[in-house]
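Coordinate analysis (summary)
The residues making up each chain are set out below.
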Amino acid sequence: MKPYKIFNLQSTIYNLQSKIYNQKSPIKNPLNSYLHEAFEEMIQHAEQLGANGIISMRYDANEVMNGVTEVLAYGTAVKVEKI
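To keep things clear, this report deals only with the structure shown in the data block.

Thresholds, definitions, all that
- Residues numbered from 1 in each chain as written.
- Predicted model: local features only at pLDDT ≥ 70, side-chain atom pairs only at ≥ 80, totals over all residues.
- Heavy atoms only, no water.
- Helix = DSSP H or I, 4+ residues; strand = E, 2+ residues; numbered from the N terminus.
- Buried < 20%, exposed > 50% of the residue type's maximum accessible area, 1.4 Å probe, protein only.
- Contact = heavy atoms within 4.5 Å.
- Areas by Shrake-Rupley, 256 points an atom, 1.4 Å probe, with all protein chains shown as cover.
- Core = buried A, V, L, I, M, F, W, Y, C linked by side-chain atoms within 4.5 Å.
- Pairing = 2+ DSSP bridges.
- Expected span 1.5 Å × (residues − 1).
- Arc of directions from axis to C-beta.

1. A few points about the overall build of the protein chain
Within the protein chain, the secondary structure is distributed over one helix and three strands. Reading the helices (α) and strands (β) of the protein chain from amino to carboxyl end gives β-α-β-β. Burial status across the protein chain gives 25% buried among its 83 residues. Within the protein chain, residue pairs in contact and separated by at least 24 positions form 69% of the contacts whose partners lie at least 6 positions apart. If you sum the accessible surface of the protein chain, you get close to 6,100 Å²; carbon and sulfur atoms cover 50% of it.

This is the structure:
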């Protein structure tokens, strides 16, 4: 792996989604699908800021009420370059 240098912290970015969990859903693991969707939208947000990387990325998911799950993907958008 080639070393990279972070030369610009763009912003802390996050994507919050509230999803209604349907137990009869044809999706085998809907939470996994929600996490993927939140991740993809977080990447789009980073790209809009001009970033080419995300560091310290994390997920959080909480059941807000019966059948409703809140999914959060967040991290710090950065610009990096090869050293």
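2. Considering the nonpolar core
By size, the foremost hydrophobic cluster in this structure holds six residues: Y34, L35, A38, M42, V71 and A73. Broken down by secondary-structure element, the contributors of at least two residues to this core are α1 (30-48) and β3 (68-82). When residues in this core are grouped by element, the largest group, four residues, is from α1. Excluding residues that lie within four positions of it along the chain, L35 makes contacts with Y59 and V71.

3. Some remarks on unusual backbone geometry
As a rule of thumb, non-glycine residues mostly have phi less than zero, and peptide bonds are mostly trans rather than cis. In the Ramachandran plot, S56 falls in the positive-phi region, its phi being about 55° despite a non-glycine side chain. Topologically, S56 is positioned in strand β2 (residues 53-65).

4. Let's talk about the pairing of β3
Sheet topology places β2 next to β3; ten bridges connect them, and they run antiparallel. Counterpart to R58 in the pairing with β3 is Y74.

5. Concerning the environment of A77
If you trace the backbone, A77 turns up in strand β3. It is 8.8 Å that separates the C-alpha atoms of A77 and N8, two residues lying 69 residues apart in sequence.

6. Re α1
Taking 1.5 Å as the rise per residue, α1 with 19 residues should run 27 Å; its terminal C-alpha atoms sit 27 Å apart, in good agreement. When α1 is considered as a whole, its buried residues turn out to be P30, Y34, L35, A38, M42 and A46. Around the axis of α1, the buried residues are gathered within 155° of arc, so they sit on the same side. Relative to its buried face, α1 has exposed residues pointing more than 90 degrees away, namely E47 and Q48. Once α1 finishes, G50 follows within two positions and takes phi at roughly 90°, a positive value.

7. Describing the environment of L35
Here L35 shows up in helix α1. L35 sits 36 residues away from V71 along the chain, and the two C-alpha atoms are 6.6 Å apart.

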